[in-house]
Amino acid sequence: MSTATAARRAGIGSFIGSTIEWFDFYIYGTASALVFDEVFFPELDGALGTLVAFATFWVGFLARPLGGIIFGHYGDRLGRKKTLVITLLMMGISTTLIGVLPSYAQIGVAAPLLLIAIRMVQGIGLGGEWGGSVLIASEHAPKGKSILYGAFAQQGSPVGNTLSTVCFLAISQLPDDAFTSWGWRLPFLFSALLVIVGLFIRLRVAESPAMANLIEKKAVAKLPFTEVLRTQPLLIVLGIGTCTIGLSATYFKSTFALSWATSDLSFDKSSFLTIILVANITQILVQPWGAVIATKMRSWSRAVIVMLVPEILLMPLMFLFIGTENYALAMVGTAVATVPHCLYYAALAGMLASRFPANVRYTGISLCYQLCGTLLGGTTPIVGQFLLNQTGSIVAVIVYAVFQVVLTLGCMLALLRKPNYDERAGEESGAQAVAA
């Protein structure tokens, strides 16, 4: 197999696999908002049942760092490809099991307990997926194109989110009784078919050259988790910060803003779901250009500034436009505010991966991304709602959103001052070729 063919397969495999796994993760979030309170927590009062359903959603976030540690360990020791096959199977099987899980009415309290256990497995699987998908693509990339290839994995998130939204918009047309009894299960069962396709593609992807080289030289880390904490603690802290707005922006829009717009403002659920869908489609179309910008510009720091600084203005504009309660303005504001952070999200993976040595890279970037999801990204709706409740004004939420943009910008600019291990590896390979 030629190098170009291997790289192309790695990119496609990364995109397809990450799309399927994000689809699985997002359909759970949608179902927890729409139906899980009735199916698994009917004994609880409506609002309390919804809150508990969201708590099971949060279990996935709590499990993701554990998945990053477990699969980062094996991915840095045994290879990227093997772990990605396992994570895909974990996500697919657990998601399908949710689709056939008996309700509370059928087996009592065992139903929500099984739901939580399966959700934990989902979170562990996704926690190991992201880092492996990024690396299997970026480490196959031709010289100077690691960001471009790493963006294949990043594209899976908006596509998976969009597929999830479309599925639930379609089945929401069913009568309420049909939707509650069996309709909600269809997206979960559909995942089984997607996993078969994804598994076929992933099994055809070769191990990344960087990992194959480490295995051949027997230079893999014995304990990647402890080694990365011992040798790269500052990188972990900076890496968590660099992921912030790339993760939290989605929850500002699709979770907090959805609740605010439909509870405190005059939007109905279907109208604002359509606004979110348009923002998701905007992300799919625009996001790849972030990788192109970062690849074309000589200075990655300058590229980050170009991509993120406009968000300091556009994120507040989004909330202000939604606050007008005008459908068209809300749609425009949400779609336009999506552009800066999705451009950045495309470049994030390759930039972050380049700052970790190959022997602890899977563990390092997984810890950064998943801890950010647990500590900052996933808490965004909770913090936003708390600020809104305490102040009675959206201004406090806007300030928090701008803070997250500035935090991301500062951490990434600091991270990019650290050594680029991809460049070092290229220089060493060139020196070896000359010596030979």
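Calculation rules
Residues numbered from 1 in each chain as written. Predicted model: local features only at pLDDT ≥ 70, side-chain atom pairs only at ≥ 80, totals over all residues. Heavy atoms only, no water. Helix = DSSP H or I, 4+ residues; strand = E, 2+ residues; numbered from the N terminus. Buried < 20%, exposed > 50% of the residue type's maximum accessible area, 1.4 Å probe, protein only. Contact = heavy atoms within 4.5 Å. Areas by Shrake-Rupley, 256 points an atom, 1.4 Å probe, with all protein chains shown as cover. Axes fitted to C-alpha atoms, helices over the stretch in contact; angles between N-to-C directions. Parallel < 35°, antiparallel > 145°, perpendicular 65-115°, else oblique. Left-handed = near helix turned anticlockwise from the far one by under 90°. Nonpolar A, V, L, I, M, F, W, Y, C, P; charged D, E, K, R; others polar. Patch = residues over 30% accessible without salt bridge, like charges linked within 9 Å, V, L, I, M, F, W, Y side chains within 5 Å. Salt bridge = Lys/Arg side-chain N within 4 Å of Asp/Glu carboxyl O. Core = buried A, V, L, I, M, F, W, Y, C linked by side-chain atoms within 4.5 Å. pLDDT = per-residue confidence, 0-100.

## Quick word on the overall build of the protein
Helix and strand counts for the protein come out as 22 helices and zero strands. Here the C-alpha coordinates of the protein stretch approximately 70 × 45 × 35 Å along the principal axes. Relative to its full complement of 436 residues, the protein shows a buried share of 54%. Contacts spanning at least 24 positions in sequence make up 84% of the contacts within the protein whose residues lie at least 6 apart. Only carbon and sulfur atoms are counted for the fraction: they give 69% of the accessible area of the protein, which is about 17,700 Å².

## Points about the packing of helix 14 (residues 244-263) against helix 15 (residues 269-286)
Contact geometry of helix 14 with helix 15 gives a least axis separation of 10 Å together with a crossing angle of 155 degrees. Judged on the interaxial angle alone, helix 15 and helix 14 are roughly antiparallel. Viewed along their axes, helix 14 and helix 15 form a crossing whose handedness is right-handed. Across from Lys-253, Ser-254, Ala-257, Leu-258, Ala-261 and Thr-262 in helix 14, the residues of helix 15 making contact are Lys-269, Phe-272, Leu-273, Ile-276, Ala-279 and Gln-283. Within the contact of helix 14 with helix 15, the residues separate by chemical class into seven nonpolar, three polar and two charged.

## Here we look at a nonpolar patch on the surface
The grouping of Leu-89, Ile-93, Leu-97, Val-100, Trp-182, Leu-186 and Leu-189 at the surface amounts to a nonpolar patch, some 610 Å² of accessible area in total. At the level of secondary structure, the elements contributing two or more residues to the nonpolar patch comprise helix 4 (80-99) and helix 10 (185-202). Examining the composition of the nonpolar patch, we find that three residues originate from one element, helix 4, more than from any other.

## As for the pattern of salt bridges
For side chains bearing opposite charge, pairing can occur when the charged atoms are close. As enumerated under the stated definition, the model contains five salt bridges in all. For the salt bridge of Glu-129 with Arg-202, the shortest nitrogen-to-oxygen distance reads 2.6 Å. Highlighted residues: Glu-129 in helix 6 (residues 110-138) and Arg-202 in helix 10, separated in sequence by 73 residues. The class of Arg-202 is buried, set by a relative accessible area of 3%. Among the charged side chains, a salt-bridge network with shared partners connects Asp-76, Arg-80, Glu-139 and Arg-361.

## Describing the nonpolar core
With 84 residues, the main nonpolar core has Phe-319 and Ile-322 as its most contacted residues. In terms of residue count, helix 18 (residues 327-354) provides more of this core than any other element does, twelve residues in total. Sequence-distant contacts of Phe-319, defined by excluding residues within four places in its chain, comprise Phe-252, Phe-256, Trp-260, Ile-394, Val-397, Ile-398 and Ala-401.

## Comments concerning the environment of Ala-206
By the element assignment, Ala-206 lies in the loop between helix 10 and helix 11 (209-216). As a C-alpha pair, Ala-206 and Tyr-28 span 178 residues in sequence and 31 Å in three-dimensional space. Residues in contact with Ala-206, not counting those within four places in the same chain, are Ile-136 and His-140.

## Examining unusual backbone geometry
Its identity is not glycine, yet Lys-218 carries a phi of approximately 55 degrees, on the positive side. Among the structural elements, Lys-218 can be located in the loop between helix 11 and helix 12 (224-231). Lys-218 gets classed as exposed once you look at its relative accessible area, which sits at 76%. Not every positive phi belongs to a glycine, and Glu-325 is a case in point at roughly 65 degrees.

## A look at the environment of Phe-41
Tracing the backbone through its elements, the reader meets Phe-41 in the loop between helix 2 (36-40) and helix 3 (46-77). Between the C-alpha atoms of Phe-41 and Ala-111, which are 70 residues apart in sequence, the distance is 9.0 Å.

## What about the confidence of the model for the protein?
For the protein, per-residue confidence averages 86 on the pLDDT scale, and 93% of positions sit at 70 or higher. Counted against residues more than four places away or in other chains, residues 426-436, with its pLDDT under 50, gives one contact.

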